[in-house]
Structures are given as structure tokens and as C-alpha cells.
Amino acid sequence: MSTAAAVMARSARTGILLVALASVLWGTSSIAAKTLMLHADATPLGVGFWRLALSVPPLLVLGWLTLGRGLFRLSRKAVPLVAVTGLAMAFYQVFFYAAVARAGVTVTSLVALCGAPVVVAVLSSVLLREPPGARTLLALALAVGGTVMLVGVPDGDAGTQVLLGALLASGAAASYATVVIAGRSMAGTVHPYQTIIIGFGGGALCLLPFAAPAGIGVSDVALGVPLLIYLGVVTTGLSYVLFFTGMKTTPATAASIVTLLEALTATLLAWLLFGERLGPLGMVGGVLLVAAMLILTLRRRTD
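Before going into details, it helps to say that this report is about the structure given with it.

Analysis parameters
Residues numbered from 1 in each chain as written. Predicted model: local features only at pLDDT ≥ 70, side-chain atom pairs only at ≥ 80, totals over all residues. Heavy atoms only, no water. Helix = DSSP H or I, 4+ residues; strand = E, 2+ residues; numbered from the N terminus. Polar contact = N/O pair within 3.5 Å; in protein donor to acceptor, adjacent residues only side chain to side chain. Contact = heavy atoms within 4.5 Å. Phe/Tyr/Trp six-rings, centres within 6.5 Å; stacked < 30°, edge-to-face > 60°. Buried < 20%, exposed > 50% of the residue type's maximum accessible area, 1.4 Å probe, protein only. Lys NZ or Arg CZ within 6 Å of the ring centre and 35° of its normal. Expected span 1.5 Å × (residues − 1). Salt bridge = Lys/Arg side-chain N within 4 Å of Asp/Glu carboxyl O. Core = buried A, V, L, I, M, F, W, Y, C linked by side-chain atoms within 4.5 Å. Patch = residues over 30% accessible without salt bridge, like charges linked within 9 Å, V, L, I, M, F, W, Y side chains within 5 Å. Areas by Shrake-Rupley, 256 points an atom, 1.4 Å probe, with all protein chains shown as cover. Arc of directions from axis to C-beta.

1. Details of the side chain of Thr 28
Link 1 in the chain: Here Thr 28 shows up in helix 1 (residues 3-39).
Link 2 in the chain: Of note is the side chain of Thr 28, whose polar atom sits 2.7 Å from the backbone oxygen of Leu 25.
Link 3 in the chain: When near neighbours in sequence (up to four residues on either side) are disregarded, Thr 28 contacts Tyr 230, Thr 235, Thr 265 and Leu 269.

2. A word on the packing of aromatic side chains
Link 1 in the chain: Tallied over the entire structure, the rule returns six aromatic pairs.
Link 2 in the chain: Taken together, a centroid distance of 4.9 Å and an interplanar angle of 65° make the contact between Phe 49 and Trp 50 edge-to-face.
Link 3 in the chain: The exposure class assigned to Phe 49 is buried, which follows from its relative accessible area of 9%.
Link 4 in the chain: Ring geometry for Phe 96 and Tyr 97: centres 5.4 Å apart, planes at 90°, overall edge-to-face. Just as Phe 96 is buried, Tyr 97 falls in that class too.
Link 5 in the chain: Among the aromatic residues, ring-to-ring pairing joins Tyr 92, Phe 96, Tyr 97 and Tyr 176 into one connected group.
Link 6 in the chain: Over the ring of Phe 274 we find Lys 34; its NZ or CZ atom is 4.8 Å from the centre of that ring.

3. Focus: unusual backbone geometry
Link 1 in the chain: Here the phi dihedral of Asp 41 falls at roughly 55°; this positive angle occurs in a residue that is not glycine.
Link 2 in the chain: Tracing the sequence through the fold places Asp 41 in the loop between helix 1 and helix 2 (44-67).
Link 3 in the chain: The class of Asp 41 is exposed, set by a relative accessible area of 54%.

4. Side note on helix 7 (residues 221-247)
Link 1 in the chain: In this model helix 7 runs 36 Å from its N-terminal to its C-terminal C-alpha over 27 residues, within 8% of the 39 Å that 1.5 Å per residue would give.
Link 2 in the chain: For helix 7, the capping residue at the N-terminal end is Asp 220, with a side-chain oxygen 3.3 Å from the backbone nitrogen of Ala 222.

5. Remarks on the pattern of salt bridges
Where charged atoms from two side chains of opposite charge approach closely, those side chains can pair.
Link 1 in the chain: Under the counting rule described, the total for this entry stands at one salt bridge.
Link 2 in the chain: Note that Lys 34 is salt-bridged to Glu 276, the shortest N-O span being 2.6 Å. Of this pair, Lys 34 sits in helix 1 while Glu 276 sits in the loop between helix 9 (261-274) and helix 10 (280-302), and the two are 242 residues apart along the sequence.
Link 3 in the chain: By relative accessible area, which is 15% here, Glu 276 ends up buried.

6. With respect to the side chain of Thr 85
Link 1 in the chain: Position of Thr 85 relative to the elements: it lies in helix 3 (residues 78-127).
Link 2 in the chain: Residues in contact with Thr 85, not counting those within four places in the same chain, are Val 179, Ala 182, Met 186, Thr 195 and Gly 199.

7. Here's the deal with the nonpolar core
Within soluble globular proteins, side chains that are nonpolar tend to cluster in buried spots.
Link 1 in the chain: Leu 36, Val 47, Phe 96, Tyr 97 and Leu 289 are the most contacted members of the largest nonpolar core, which totals 42 residues.
Link 2 in the chain: Every element with two or more residues in this core is listed here: helix 1, helix 3, helix 4 (134-151), helix 5 (156-186), helix 7, helix 9 and helix 10.
Link 3 in the chain: If you tally residues by element for this core, the top one is helix 3, at 15 residues.
Link 4 in the chain: If we skip the residues at most four places from it in the chain, Phe 96 touches Ser 30, Thr 108, Ser 109, Ala 112 and Ala 172.

8. Let's talk about a nonpolar patch on the surface
Link 1 in the chain: A contiguous nonpolar surface patch, about 520 Å² in accessible area, is contributed by Leu 264, Leu 268, Trp 271, Leu 272 and Leu 273.
Link 2 in the chain: Along the chain, Trp 271 turns up in helix 9.
Link 3 in the chain: You can call Trp 271 partly exposed: its relative accessible area is 42%.

9. Side note on helix 9
Link 1 in the chain: Here helix 9 spans 19 Å end to end across 14 residues, near enough to the 20 Å set by a 1.5 Å rise per residue.
Link 2 in the chain: Of the residues making up helix 9, those classed as buried are Glu 262, Ala 263, Thr 265, Ala 266 and Ala 270. Buried residues in helix 9, looked at end-on, bunch into an arc of 160°, giving them a common side.
Link 3 in the chain: Directly after helix 9, the chain includes Gly 275, whose backbone phi takes a positive value near 70°.

Spelled out as C-alpha cells, the structure:
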């Protein structure tokens, strides 16, 4: 192997490791959030607000070093798209953490993370007035079937809460899909760091009027404050720095597979720390959701 090829191979491996680390950090965010809600009386709105707000400072540093004064320069066409991104990010936090409180980490992570690419595919077909292809229809069928298997048949109040949580997680998937579609519309005109920084900051501002009355404090400061800082600075700010750095040398197809570590990390930690378990039917449902995501994601990466 030539020296140039060896350097490229090392860069690719480093990139994959950075993307993998970012995905693992994302996977721990729902665990930290559930801990806050269980042991520090944090509200879903409060957790979502702090995660966005505390992520902005480290991202601002990165954005300033990368773009300088151009960080806050947006075209008139981009302004409404960035605004939509901020709103969608705010809604994602609300839906996701409210779902965690009701359905648990495992169901929420699988439905929200694996369902988002399916929602993107369906919305793209509708917005572009193109009939969905066979792959999109197959992925949609797998995602719906997988979600039904994950949730099962509601039995009593606990079952109803899981069903409500799954619906909220679907709302999180739709919110993230909106972020993706808006991001695609801005491709080539708005730097990714601008989208994330302004989106997270705008999302935090959108959440504040609703989060403040619900409560943005924590009853256990010694536990709550470090976890909130971890959520914002590490699982959001640092993880996006790692992700964008890794993506510079990581093939898109490899990245789409590696990011499955987010759902895997969340599921394993939920099992170890909270005793969340999927029955045989739920495990099949999780596999179907992952399959639906891969069908769509790998198709796009290889087209």
C-alpha cells in the first residue's frame, strides 16, 4: 500500500470512529433524560430546553472558528427555512422526552430514530408530487408493522401509556424529518454549522415560554445540574462536532450504518439501568424498524 493510500485509510478509520463515538453519545442522551425525570423531578420540556440551550456555546465556538463573521449571514430565502428548523428541533425535544417518560427509552428510541427516514421518504414523495417507489412502500410497511409489534396490544393504563409514548415518538420522528427536509432545501446555501447553531438556539428560545411555566429546575441539584450540562455540552454540542469532523472522511453508507449505534446504545443502557426489556414480538418489531431505515438510507447513499 502506498503512503497516500495508507494515510487515506487511516483517515477513513478515524472518521468512522468519530461518527461511532458521536452516535454512542447520542444514545446516552435518553438515559440521562430519564434519570433526570425519575430522580431530579425534571420535566420533559425543561430537559429539552436545557439540552438545546447548553449546546449552543461550544457550537458557537466551532462555528466562529470555521466561518467567522459569516456565521450569522443568511440569505432571505434561507431565513424561513432556518426558522422552520428551529421550530422542528423544539418539537422534537418535546415529543421525544415526553415519549421517554411514558413508553421508556427502548420503544421511544427505536420508533423515533428508525422511523424518521421513513417519514422523510413519505413526505419527500408528497412534497415533490412523486409517487412513492417500491422501496418506500416496503419500508413504510415494515416501519408500521414494527411499531405495532413494539407497542403490542394496550392492556390497562400501562399499555395506554406505552401507546401514547409511541405516538409521541412518531411525532419526534416527524419533527426530525422536517429538520432533514429543511436542511436539504438549504443545501449549498447554508453551512451545516449555521443550521445546527441557529436551529438549536432558536429551538431553545421557542421552548422557553412553555418550559418555564412547566418547570426548568431540578429538585436534586447535585445530580441534575451535571446531567443537564452533560446533555447539552457532551451529547449535543460535542457529539455534533465529532460527527461533522468524522463525516469529512467517512463514506456516507458507512456512516448510515454506524449511526445505528445510537439506538443500540440507548436500548442496551435502558436494559442495564432501568430493566427495560422487549419481549420476542417487540424484538422482531425492533428488527423491522431497523430494516426499514436501512432500506431507505442505504438506497439514498448508494444512488
